[in-house]
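Each chain is listed here by its residues.
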Amino acid sequence: MRIASLLPAGTEIAGRLGLAGRLVGVTFECDDPAGIRDRVPVVVDTALSASGTPAEIDAVVRERAAAGLPLYDLDRATLAAADPDLILTQDLCAVCALPGSSVAQAQAAIGTRAQVLSLDPHRLPDVLDVITAVGTAAGVPEVAATLVGELTARLDAVAAAVHDRPAPRVLVLEWTDPPFLPGHWVPDLVTAAGGTAVGAIAGGRSVATGWDALPGPVDVVLVAPCGFGLAGERGAQAQARAVLDRLPARVPVYALDSASYVVRAGPRLVDGIEAIAAALHPGAVPEPPAGRIARVR
């Protein structure tokens, strides 16, 4: 089976299911399995600048949305040449990845009859269901069942480690300029890590707010800007430092590699939960590897 993954979470899931060798198309963001873009044609690119500030990126998103312009470009010729049997896409968020409607239009234009599987989890359990769905569609349901079992066991271990501890009130910022409160599965990550996500909308969309309207009181702040890693000039650590004076005083502030462990609905969400749990409940779970989460204040 030949698989085209039009979103990074799909590529990550395919890799964990042992399907990396079947991938014939990926996106510009796909980085798990490591080096996948060097081996597989990139069929999705973006109109967003990688060097933009959070405010600049937000402005471009709003301007293009108002003008009815897409944020992502699908290389139809390369997709047609790849001749996939299965296409992994999504309809959850037009800002996060190529929407499924674009895929349907491309199918009509290039004449492919590939099966299209839309990966649209809203809550954390849905992410596990998506892994099962990909495994079933790709013909490896047993592999998917094993992976889901392993991830579930890790979630159960975190739950057991923190169940008798007070749940700190956690403010998660999914964007910093303007500030966004998280939705979809992100509040579930905090809950699974033994915290209470304040002002979050579990299963819903993330929403913009103002610095003077941040929910409270809070015990911990997690800065996890959508699509950004931990380090670097535009990374989560830098963004957290830039807004420290706007956050509640004397409250611990952590930055997370959101691109890998928070907003990408794949197996590494469990890595993110373990990292958050280590921050919220020091000593209850093992310290995560470097590069996932860092204390900023």
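One structure accompanies this document, and this report is about it. Everything numeric in this text was worked out from a predicted model, so none of it was measured.

### Comments concerning the packing of aromatic side chains
For the coordinates displayed, the defined rule picks out one aromatic pair. Residues W175 and F228 carry aromatic rings whose centres are separated by 5.7 Å and whose planes lie at 50° to one another, so their mutual orientation is tilted. Placement of the pair is W175 in strand β8 (residues 175-176) and F228 in the loop between β14 (220-223) and α9 (236-242), with a sequence separation of 53 residues. Neither residue differs from the other here; W175 and F228 are each classed as buried. In this arrangement the basic side chain of R268 is found over the ring face of Y261, its NZ or CZ atom lying 5.5 Å from the centre.

### What to know about the nonpolar core
By size, the foremost hydrophobic cluster in this structure holds 57 residues, and its most contacted members are L17, L88, I131, V134, L189 and L222. At nine residues, the largest contribution of residues to this core is made by helix α11 (residues 269-280). Once residues within four sequence positions are removed from consideration, I131 is found in contact with I13, L17, A144, L147, V148, L151 and P267.

### What about helix α1 (residues 8-16)?
Burial within α1 is extensive, with seven of its nine residues counted as buried. For α1, the set of buried residues is P8, A9, G10, T11, E12, I13 and A14. Note on α1: the residue one or two positions beyond its end, G18, has a positive phi of about 75°.

### Concerning helix α6 (residues 124-137)
An ideal rise of 1.5 Å per residue puts 20 Å on 14 residues; α6 measures up with 21 Å between its terminal C-alpha atoms. Of all the residues in α6, the buried ones are L124, V127, L128, V130, I131, V134, G135 and A137. Structurally, α6 contributes buried residues whose contacts are with α1, β5 (86-89), β6 (115-118), α7 (141-162), α8 (186-192) and α11. Looking one or two residues past α6, G139 carries a phi angle of roughly 85°, positive in sign.

### Here's the deal with the sheet that holds strand β7 (residues 169-173)
Strands sit in the order β11-β7-β14-β15-β16 across an open sheet of five strands; the sheet is mixed. Edge strands, defined here as strands with exactly one partner in the open sheet, are β11 (196-197) and β16 (293-295). Sheet topology note: the strand β15 (residues 253-256)/β16 ladder contains three bridges and is antiparallel. Bridge pairing in β16 links A255 to A294.

### Re the environment of V172
Here V172 lies in strand β7. Owing to a relative accessible area of 5%, V172 belongs among the buried residues under this scheme. Note: C-alpha distance between V172 and G183 (11 residues apart in sequence) is 9.9 Å. Leave out the neighbours within four places in its chain, and V172 touches F180, L181, P182, V186, V190 and L222.

Reading the values: rules and limits
Residues numbered from 1 in each chain as written. Predicted model: local features only at pLDDT ≥ 70, side-chain atom pairs only at ≥ 80, totals over all residues. Heavy atoms only, no water. Phe/Tyr/Trp six-rings, centres within 6.5 Å; stacked < 30°, edge-to-face > 60°. Helix = DSSP H or I, 4+ residues; strand = E, 2+ residues; numbered from the N terminus. Buried < 20%, exposed > 50% of the residue type's maximum accessible area, 1.4 Å probe, protein only. Lys NZ or Arg CZ within 6 Å of the ring centre and 35° of its normal. Core = buried A, V, L, I, M, F, W, Y, C linked by side-chain atoms within 4.5 Å. Contact = heavy atoms within 4.5 Å. Expected span 1.5 Å × (residues − 1). Pairing = 2+ DSSP bridges.

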